[in-house]
Amino acid sequence: MRTNIAVDSQIHGRLAKIAKQNRSTVYELTNSYLSICAEAMERGLTLDDIRGQVLIRYATKNLDVVLLPGSVIEYMVNQLYSVKKSEMDKLFEEAGAEVGKYFKIKGLVFQDILEMARLGYASIGLRDISVVRQSSTKIIVSIYGLLLGKSATEVGLKFVEGLMNEFGFKVTGSELAEGAVRISFEVESPIP
């Protein structure tokens, strides 16, 4: 059965351009998109989940990202952290900085990172994330579900610090609990 679906002219233009680039028709492309979205939503995902996955995939496409259960990562971190704390802190902070550099090279700005975090936090194993703007140069980032255990939370904090440093944010304070962290940041230039 065929039916008409109303679509904004700008979206239609984008779809027509993508279809042409892929040697497809707007009809085929639209049906593929709708099929993928319908399947995801039938599995319990929301449109924000889908957007989050797209943003994370775009941002990490060329990074050396490996999908592992959180329990495996946490076990490895806990085993190493007790004997190599300073090395692990440095490793995770450097990894965060490398991800930040990569995002900047791809042209992402701090607002893009916030949007990616807002939409995709569940996709990267977090339970919740919030960013509170205290002033034009100060923010507080709260992250929950950062694995469990003190060691994993501490290296998670180091990763976030490294990432945020790449965008000019300096840590002014932090609080940790198992699986949760609150970090205060300050930046010289006002946050857009």
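Our structure is the block above this text.
Values in this document were obtained by computation on a predicted structure and should not be read as measured data. (Residues numbered from 1 in each chain as written. Predicted model: local features only at pLDDT ≥ 70, side-chain atom pairs only at ≥ 80, totals over all residues. Heavy atoms only, no water.)

Draft legend 1. Just the pattern of salt bridges, in detail. One pass over the full model with this rule turns up 10 salt bridges. The shortest N-O distance in the salt bridge between lysine 104 and glutamate 166 comes to 3.9 Å. Pair noted here: lysine 104 is in helix α5 (residues 85–105) and glutamate 166 is in helix α7 (residues 150–166), with a separation of 62 residues, a long-range link. Accessibility expressed as a relative area gives 40% for lysine 104, which makes it partly exposed. Note that lysine 150 and glutamate 154 form a salt bridge whose closest N and O atoms lie 2.5 Å from each other. Taken together, the residues lysine 150 and glutamate 154, both in helix α7 and 4 residues apart, mark about one turn of the helix. (Salt bridge = Lys/Arg side-chain N within 4 Å of Asp/Glu carboxyl O. Helix = DSSP H or I, 4+ residues; strand = E, 2+ residues; numbered from the N terminus. Buried < 20%, exposed > 50% of the residue type's maximum accessible area, 1.4 Å probe, protein only.)

Draft legend 2. Here's a closer look at the packing of aromatic side chains. Per the stated rule, a full pass over the model turns up 3 aromatic pairs. Ring centres of tyrosine 102 and phenylalanine 103 lie 6.3 Å apart, and the angle between their planes is 55°; this geometry places the pair in the tilted category. Judged on exposure class, the residue tyrosine 102 and its partner phenylalanine 103 are both buried. Their ring planes at 35° and their centres at 4.4 Å tell us that phenylalanine 110 and phenylalanine 169 sit as a pair that is tilted. Taken as a pair, phenylalanine 110 in helix α6 (residues 110–120) and phenylalanine 169 in the loop between α7 and β3 (170–177) lie far apart in primary sequence, 59 residues in all. Phenylalanine 169 matches phenylalanine 110 in its accessibility class, with the two residues each being buried. Joined through ring pairs, the aromatic side chains of Phe110, Phe169 and Phe185 make up one cluster. (Phe/Tyr/Trp six-rings, centres within 6.5 Å; stacked < 30°, edge-to-face > 60°.)

Draft legend 3. Expanded view of the nonpolar core. Counting 24 residues, the largest nonpolar core has Phe103, Ile139, Met164, Phe169 and Phe185 as the members making the most contacts within it. Of all the secondary structure elements, the ones that give two or more residues to this core are α3 (47–60), α5, α6, β2 (138–144), α7 and β4 (180–186). The contact partners of methionine 164, leaving out residues within four places of it in the chain, are Phe110, Ile139, Val141, Phe169 and Phe185. (Core = buried A, V, L, I, M, F, W, Y, C linked by side-chain atoms within 4.5 Å. Contact = heavy atoms within 4.5 Å.)

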